[in-house]
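# Observations on the three-dimensional arrangement
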There are 2 protein chains.
Amino acid sequence: MTTTNFSLLMALLLCTGGAARAQDKKLTGYTGNAATQQLELENRFDKQLSSSHIGETIKALSSQPHHIGSARGKAVAEDILQRFKSYGWDAEIVTYQVLFPTPKERLVELKGSTTYKALLKEPALKEDATSGQEGQLPTYNAWSADGDVEGELVYVNYGLPEDYEYLDRAGINVKGKIVIAKYGRSWRGSKPKVAQEHGAAGCIIYSDPKDDGYYSGDVYPKGAFKNEYGVQRGSVMDIVIYPGDPLTPNTGATANAQRLDRLQAPNLLKIPVLPISYHDATPLLQALEGPVAPDEWKGALPFTYHIGGGKARVHLKLSFDWQIRPCYNVIAKLKGSEQPDQWVIRGNHHDAWVNGAADPISGLAALLEEAKAIGALHKQGYQPKRTLVYCAWDGEEPGLLGSTEWVEDHAAELKEKAVVYINSDNNGRGFLNASGSHALETLVNEVARDITDPQTQVSILARKQASEVLKAATPKLKKEKLAKQGIAIGAMGSGSDYSSFLQHLGVPSLDFGFGGEDAGGEYHSIYDSYDDYTRFKDPGFNYGVALSQTAGHTALRVANTVTLPFDYRKLYETVNGYVNELTELTSSLRESTTIENQLIRDRKYQLTTDTAKHLSPPLLKSEVPYLDFSPLQNALTGLDTVTTSLAARKQFSAAANKALYQGEQQLLNDAGLPARSWYKHTLYAPGFYTGYGVKTIPGVREAIEQRRWKEAQEQIGIVAAAINRLSAYLGNIH
Amino acid sequence: MTTTNFSLLMALLLCTGGAARAQDKKLTGYTGNAATQQLELENRFDKQLSSSHIGETIKALSSQPHHIGSARGKAVAEDILQRFKSYGWDAEIVTYQVLFPTPKERLVELKGSTTYKALLKEPALKEDATSGQEGQLPTYNAWSADGDVEGELVYVNYGLPEDYEYLDRAGINVKGKIVIAKYGRSWRGSKPKVAQEHGAAGCIIYSDPKDDGYYSGDVYPKGAFKNEYGVQRGSVMDIVIYPGDPLTPNTGATANAQRLDRLQAPNLLKIPVLPISYHDATPLLQALEGPVAPDEWKGALPFTYHIGGGKARVHLKLSFDWQIRPCYNVIAKLKGSEQPDQWVIRGNHHDAWVNGAADPISGLAALLEEAKAIGALHKQGYQPKRTLVYCAWDGEEPGLLGSTEWVEDHAAELKEKAVVYINSDNNGRGFLNASGSHALETLVNEVARDITDPQTQVSILARKQASEVLKAATPKLKKEKLAKQGIAIGAMGSGSDYSSFLQHLGVPSLDFGFGGEDAGGEYHSIYDSYDDYTRFKDPGFNYGVALSQTAGHTALRVANTVTLPFDYRKLYETVNGYVNELTELTSSLRESTTIENQLIRDRKYQLTTDTAKHLSPPLLKSEVPYLDFSPLQNALTGLDTVTTSLAARKQFSAAANKALYQGEQQLLNDAGLPARSWYKHTLYAPGFYTGYGVKTIPGVREAIEQRRWKEAQEQIGIVAAAINRLSAYLGNIH
């Protein structure tokens with residue numbers, strides 16, 4: 001095609017699939033020429049964004065290792081503070097005192113006919129300028145217990161509860177043994193937790209090249225994927241109980257706060273756990289004997305995976321310094337002209353495991369670019385109606401420490417003032433990922449509609465929709481997705497700083513990031529560097545600009561509007577979908593339980609399982625009773641009615657606007673979720689065993705999944721009551 | 001559990017799940033006390049079977065390499081002849097003169113920055129007594145063309161047509177290049193055939209450890225799976241055009257038969273092809289550059305799989321001796337007392353690629369054990385009503401040479417006399433696998449009902465049923481399978497000696513074998529040895545006895561009955577299922593084509609595919625028209641009626657009995673399948689691109705799959721006519 005034809009095509013695309021013309025655009029919450037003014041403001045905002053400046057910010061802030069508690073970590077916070085100030089924001093550092101352990105001693109050795117001492121070290125590479133720096137945290141899992149244990153080694157696949165069910169069938173017990181699990185499928189912290197529940201004495205986690213290494217593509221530095229020495233650091237705090245400083249649940253970790261005894265903290269492990277590379281894992285796995293692992297357990301290392309049961313023993317010795325360290329949150333404000341006590345909060349953490357060019361600096365650089373652009377507009381006379389609060393959190397990596405302590409410390413104020421919390425974390429080339437409160441789904445769609453994808457020149461909404469269509473598994477689902485208007489936003493689990501806002505306080509929240517074409521193995525390693533980022537993540541920093549636009553437009557649209565852009569119809573539709581999922585889950589679990597129990601009773605497993613494998617049949621499971629879902633279904637009928645009439649309203653009073661954002665708090669249950677009272681939201685929580693992975697309507701869903709039928713029925717009542725509260729509350733908005 | 005309790009349990013099982021009591025048993029075709037007499041005969045037959053004697057036979061006949069044309073191959077035929085004679089059978093060797101090439105020269109070398117010369121040799125192992133013997137055929141693919149070619153190397157996954165579609169999207173052309181494909185998914189002969197269709201100059205096939213090696217389990221000799229040097233030999237004759245001697249299609253390869261010019265034989269390749277080990281494949285694959293292979297293409301070797309496009313070049317040089325060699329079939333008969341001109345034929349090949357303890361001797365030993373047992377009964381006065389014809393085929397490995405030439409040579413006689421052909425090949429520990437003519441499905445079920453599985457003490461039918469229930473993917477399908485009476489037998493593709501009987505002549509056929517717990521990597525290698533067999537396949541030879549029982553009881557029940565045990569209701573039900581599959585296939589293909597074409601036209605692929613991958617969208621496909629299935633559906637209605645009334649009949653005349661077995665011939669179409677006239681059966685054929693894998697109603701199914709809509713409609717008419725012929729024919733049975 002000639003250049004002329006190509007330009008014509010592009011012009012055509014910009015008219016059809018690209019950003020729509022201003023006069024066609026609906027901005028929820030904006031009436032009359034307010035929409036046009038807002039779009040003009042966003043246009044001026046966009047002009048202030050510079051991909052090269054984002055690149056410079058990433059380079060500067062990731063130039064040294066800067067974990068929480070390090071001198072460089074403090075310097076990064078101060079650098080950010082100065083940036084905010086230079087942009088004209090009112091900024092300060094808010095400090096908490098949090099526990100954060102770093103290693104004193106790390107040892108993994110294989111004993112038996114083959115011996116091996118693990119390297120536990122990622123080598124410096126000449127192709128990666130920062131990889132040989134001083135000040136790197138060694139490879140470890142923060143919040144491992146101290147321990148000096150030795151035992152037989154057992155391979156437990158991903159270390160999921162169902163993996164231990166299989167071990168039981170194979171007659172292998174992990175009591176007093178060391179388990180080796182691979183990263184993936186569940187959050188890393190779930191692996192030692194489940195191992196501990198089964199009596200293991202210690203836990204090793206390794207990155208299998210099937211999931212994170214040469215199987216995916218060429219390894220670093222030739223390609224982006226994990227080389228044999230790369231290790232994923234990371235927290236194993238049991239954040240599904242509560243995140244933040246483990247010594248100060250529910251309160252800010254101020255200098256004088258009351259603190260738990262560390263050994264009593266309910267979200268800390270009792271056993272030692274350490275992550276290792278696949279280089280270090282190879283001799284350990286090769287030493288295993290006993291049954292061959294089932295196919296689903298096999299990785300990409302070049303030998304037969306065995307479960308264990310032979311003579312391979314492992315010695316694991318770990319100790320940590322367990323120090324209280326300062327945690328520096330940077331908080332910057334730009335006061336609202338009309339509703340200064342309504343806060344639009346935007347945040348991204350600044351601490352990294354090592355250099356963290358992608359995680360978190362790529363997201364933080366976009367946030368700072370927004371602050372820079374808004375500051376420039378402010379200097380030209382722009383003032384938001386509501387107060388903008390831009391935050392750079394410390395201590396996210398060990399367990400959302402900075403954000404959680406700040407939120408717990410300001411809980412009452414935030415419940416009053418926080419209109420929305422907009423989070424980001426790492427960012428790269430690809431597709432928009434958006435999750436959060438579903439009353440904000442319409443807003444997200446309208447924002448995404450108006451931003452152009454840097455690679456394809458269509459809107460980021462159209463590109464995301466296209467990817468959802470292609471990902472659909474069947475022609476039927478593809479057709480459905482194709483017919484659908486807009487995109488659904490995801491539900492929030494955990495793993496970044498939105499958790500305390502949404503799940504502890506009920507602040508409406510959003511999380512944005514681009515990705516999907518930026519895969520690699522650098523996560524939480526020394527290779528998450530500027531060199532890696534510019535080669536494999538977002539070479540031109542154009543997705544940095546796209547993130548600034550996405551989060552910035554969102555913040556500005558919420559800050560500048562008269563009527564807040566909440567659309568509770570979307571919340572209704574989403575929850576309705578969840579309830580359908582729960583009823584279907586219960587039915588399908590009932591059906592599969594009945595037939596599986598019959599197969600077990602009829603000895604079909606004994607007849608079919610290779611007798612040479614010595615595999616017991618599965619255990620009988622409790623039959624699934626019929627649950628009474630009617631309280632939830634009736635509550636949904638009420639929500640349907642009230643949200644329909646709310647959606648028809650055009651004008652809201654100032655008080656009504658406040659009620660719109662405080663509505664989310666009606667969905668909290670004061671008592672929290674079963675066995676984890678910190679989590680109060682009835683719709684969204686990280687899964688008890690999945691960790692980061694979300695469970696929607698978690699009280700009911702997890703009770704069903706874990707076969708606690710009485711609890712499931714109770715939780716149906718609790719969630720129905722929350723929805724009824726919300727309906728009554730929304731019905732009172734005038 | 002105590003021993004007493006255990007015995008009690010076993011006794012209980014024998015009553016409930018095990019072989020049913022004689023008075024409960026229905027034997028189709030047997031009335032009055034004939035059934036009891038037959039069961040008594042089978043009981044006496046069983047008593048003659050000896051697992052240890054089967055083991056001795058396997059050891060003796062696999063003691064040396066014995067491929068077709070070798071001195072030891074001839075000696076094995078003569079040994080078998082003597083055995084039949086000693087058992088009291090009337091036996092002879094029937095010799096044909098067939099083309100069979102063995103290698104003169106084999107060379108694979110990698111050129112470029114890394115060079116490598118492939119070993120092409122499986123080493124002798126001290127743990128395997130026969131692995132170092134003289135007389136082994138080298139590792140090669142029989143029927144490769146001679147060739148001396150050099151070219152860029154391209155990795156083509158399994159070498160399926162859709163793999164080349166992906167290569168097209170990636171902009172990689174194989175014209176004039178050497179392709180490397182892995183074993184699996186398609187029959188080996190399809191790989192060079194498809195490569196040749198795409199213009200490749202040569203083809204290398206290797207065994208990836210993901211499919212055949214350490215991924216599955218410990219490698220030989222520690223375990224059963226393929227070690228790094230193991231190579232799968234095998235034929236690449238295009239047997240889906242026709243099997244047998246490539247120079248004498250449709251006629252017996254007698255000494256004076258008219259022969260084609262070899263270079264004109266339509267089922268022989270024009271390009272060279274060679275199989276190699278994963279040891280030899282490793283440097284070749286590692287030298288590849290270009291795009292990373294998609295996930296579905298990746299194997300288990302410890303590096304990133306690339307497709308190619310770099311500097312890696314391969315030199316492949318092969319030449320063969322192309323000699324005409326004698327092919328020794330051993331044919332043994334035991335004359336029928338009442339219907340001597342009705343033949344119950346039983347066969348298994350005797351030639352092996354090397355020692356062939358499993359393939360074919362494990363099946364042949366069971367066949368000889370049957371002959372021994374029947375001979376012993378005969379000496380005690382037993383005489384079958386119909387003539388038993390027991391056959392040991394030569395030259396099966398290169399392309400079903402012996403059986404095909406004998407069948408072609410005796411075509412007219414077999415169409416008159418052959419009641420059934422019962423095949424076996426290799427055999428091992430596990431589950432009954434049965435496939436064949438569906439009018440014999442009831443017979444197979446009744447036979448399997450009465451044989452006890454050596455490991456679980458339930459019937460082999462109950463064990464197979466249990467495995468089918470557990471294999472069902474969803475609770476719903478499990479429930480359906482559980483409710484089902486009996487087992488469905490499979491449809492026949494190709495890959496063993498039944499092909500010419502069923503697909504060329506329309507002789508009702510069956511194929512039996514046990515397996516599923518005998519997996520390993522010895523197939524067509526020097527390690528298919530007695531040592532391997534006794535460690536990993538069927539250590540006690542008890543499944544050898546089970547195979548003798550299954551095939552023997554089947555042969556005896558057909559030979560001894562007054563009324564032949566054909567049940568055309570099962571044929572009707574099965575074909576009805578196939579027609580439903582075809583209508584669903586057409587609908588789902590229409591649905592997927594429409595949506596895929598829409599996605600392509602709407603540029604969804606361009607918007608979604610990582611721009612860094614330079615992957616073109618798929619090509620638009622022809623939309624799927626509505627086909628007129630009514631001729632088939634009406635034909636099925638007719639077959640339904642006639643088979644229902646046939647099933648109600650109790651007595652058949654002698655002529656009617658003959659008509660029952662000759663009915664299958666009504667399903668032949670004289671013109672054969674499109675582009676392969678040798679295959680005349682309208683219901684069963686090996687797939688044009690799957691090779692061994694069956695395609696049912698192949699004329700219609702393959703036309704649909706390959707989007708030849710006019711041909712599909714024509715074939716619907718042809719198959720409907722065949723079914724109508726059968727209905728009319730069965731309606732005339734009196």
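Not measured: the values here are computed from a predicted model. (Residues numbered from 1 in each chain as written. Chains lettered and ligands numbered in written order. Predicted model: local features only at pLDDT ≥ 70, side-chain atom pairs only at ≥ 80, totals over all residues. Heavy atoms only, no water.)

### Let's talk about the overall build of chain A
Scanning chain A from N- to C-terminus turns up 23 helices and 18 strands. What you see for chain A is a C-alpha radius of gyration of 26 Å, in line with the 27 Å of a compact globule of 734 residues. By principal-axis analysis of the C-alpha atoms, chain A measures approximately 80 × 70 × 60 Å. Counting the 734 residues in chain A, one finds 63% classified as buried. Considering only contacts in chain A between residues 6 or more positions apart, those separated by 24 or more positions represent 79%. Summing over all exposed atoms, chain A offers an accessible surface of approximately 25700 Å²; the carbon and sulfur share of this is 51%. (Helix = DSSP H or I, 4+ residues; strand = E, 2+ residues; numbered from the N terminus. Rg over C-alpha atoms; globule rule 2.2 N^0.38 Å. Buried < 20%, exposed > 50% of the residue type's maximum accessible area, 1.4 Å probe, protein only. Contact = heavy atoms within 4.5 Å. Areas by Shrake-Rupley, 256 points an atom, 1.4 Å probe, with all protein chains shown as cover.)

### Focus: the interface of chain B and chain A
Listed by partner, the interface residues are 49 residues for chain B and 49 residues for chain A. Carbon and sulfur atoms supply 62% of the area buried between chain B and chain A, which totals about 4200 Å² over both sides. The largest share of the area that chain B buries against chain A comes from Tyr215, Leu470 and Leu607 of chain B, three residues that together contribute 15% of it. Here Lys478 of chain B makes a salt bridge to Glu596 of chain A, at a shortest N to O gap of 3.8 Å. (Buried area = accessible area lost by both parts, 1.4 Å probe. Salt bridge = Lys/Arg side-chain N within 4 Å of Asp/Glu carboxyl O.)

### Regarding the UniProt feature "domain: Peptidase M28" (unreviewed entry) in chain A
When the UniProt feature table is mapped onto this chain, "domain: Peptidase M28" (unreviewed entry) is found at residues 329-532 of chain A. Taken end to end, residues 329-532 of chain A comprises 41% helix and 23% strand; its first and last C-alpha atoms sit 27 Å apart. (UniProt positions renumbered as here; feature names shortened; annotations may be inferred.)

### Section: the pattern of salt bridges
Residue and element names in this part refer to chain B. The tally for this structure, following the rule as stated, stands at 74 salt bridges over all chains. Among the ionic pairs, Lys126 bridges to Glu127, the shortest N-O distance being 2.8 Å. We classify Lys126 as exposed; its relative accessible area is 78%. In this structure, Glu480 and Lys476 form a salt bridge, with 3.5 Å as the shortest nitrogen-oxygen distance.

### Things to note about unusual backbone geometry
Residues and elements named next belong to chain B. Tyr220 connects to Pro221 through a cis peptide bond whose omega is 10 degrees. Within the secondary structure layout, Pro221 lies in the loop between strand E7 (202-206) and strand E8 (234-235). With omega at 15 degrees, the peptide bond leading from Asp359 into Pro360 counts as cis. Topologically, Pro360 is positioned in helix H8 (residues 357-379). Even without being glycine, Leu400 reaches a positive phi, approximately 55 degrees. On the secondary structure map, Leu400 appears in the loop between helix H9 (396-399) and helix H10 (401-409).

### Here's the deal with the side chain of Lys372 of chain B
You can see Lys372 of chain B is positioned in helix H8. For Lys372 of chain B, the residues in contact, after removing those within four places along its chain, are Gln48, Ser50, His53 and Tyr87 of chain B.

### Considerations on the relation of the copies chain B and chain A
When chain B is fitted to chain A, the residual RMSD is 0.0 Å, and the transformation amounts to a turn of 180 degrees plus an axial shift of 0.1 Å. In the structure described here, the two chain copies are related by an operation that fits a two-fold rotation axis. A high fraction, 100%, of the interface residues of chain B reappear at the interface in chain A, so the copies pair face to face through one surface. (Least-squares fit on C-alpha atoms with pLDDT ≥ 70 in both.)

### Concerning helix H22 (residues 698-705) of chain B
Residue and element names in this part refer to chain B. Taking burial as the measure, the eight residues of H22 include seven buried ones, the bulk of the element. All of the buried residues along H22 are Pro698, Gly699, Val700, Arg701, Glu702, Ala703 and Ile704. Taken together, the buried residues of H22 touch helix H18 (568-601), strand E17 (684-686), strand E18 (694-696) and helix H23 (709-731). Arg707 sits one or two residues past H22 and shows a positive phi near 60 degrees.

### Considering the UniProt feature "domain: PA" (unreviewed entry) in chain A
The UniProt record annotates "domain: PA" (unreviewed entry) at residues 149-216 of chain A. As annotated, residues 149-216 of chain A has a helix share of 25% and a strand share of 25%, and its two end C-alpha atoms lie 34 Å apart.

### Quick notes on the pairing of strand E9 (residues 273-276) of chain A
Residue and element names in this part refer to chain A. Side chains Val273 and Pro275 project from E9 onto one buried face, and the interleaved Leu274 and Ile276 project onto a second face that is buried too. Bridging between strand E7 (residues 202-206) and E9 involves four bridges; their strand directions are parallel. What sits directly across from Tyr206, in E9, is Ile276. (Pairing = 2+ DSSP bridges.)

### Focus on the environment of Ser52 of chain A
Residue and element names in this part refer to chain A. Secondary-structure assignment places Ser52 in helix H3 (residues 51-61). Using a relative accessible area of 46% as the deciding quantity, one classes Ser52 as partly exposed. Each C-alpha atom, one on Ser52 and one on Phe541, is 6.9 Å from the other, the two residues being 489 residues apart in sequence.

### Notes on the sheet that holds strand E14 (residues 418-424) of chain B
Residues and elements named next belong to chain B. One open sheet holds the seven strands; their spatial order is E1-E11-E13-E12-E14-E16-E15, and the pairing between them is mixed. Single-partner strands in this sheet number two, and they are strand E1 (90-100) and strand E15 (430-436). On average, adjacent strands in this sheet sit at an angle of 20 degrees to one another, irrespective of strand direction. In this structure, strand E12 (residues 339-349) lies alongside strand E13 (residues 386-393), joined through eight bridges in parallel fashion. For Arg346, the partnering residue across the bridge sits in E13 and is Tyr390. Strands E1, strand E11 (323-334), E12 and E13 of the sheet are contacted by H10, whose axis makes an angle of about 105 degrees with E1. Against the sheet, helix H21 (residues 654-662) contacts E12, E13 and E14, and its axis sits at roughly 25 degrees relative to E12. (Axes fitted to C-alpha atoms, helices over the stretch in contact; angles between N-to-C directions.)

### Quick word on the packing of helix H3 (residues 51-61) of chain B against H8 of chain B
Residue and element names in this part refer to chain B. The geometry of H3 relative to H8 is characterised by a closest axis approach of 9 Å and an angle of 130 degrees between their N-to-C directions. One element, H3, and the other, H8, form an angle in the oblique class. H8 is crossed by H3, and the crossing has right-handed handedness. Judged by residue contacts, His53, Ile54, Thr57, Ile58 and Leu61 of H3 engage Ala357, Ile361, Ser362, Leu364, Ala365, Leu368, Glu369 and Lys372 from H8. Classifying every residue of the contact of H3 with H8 by side-chain character gives eight nonpolar, three polar and two charged. (Parallel < 35°, antiparallel > 145°, perpendicular 65-115°, else oblique. Left-handed = near helix turned anticlockwise from the far one by under 90°. Nonpolar A, V, L, I, M, F, W, Y, C, P; charged D, E, K, R; others polar.)

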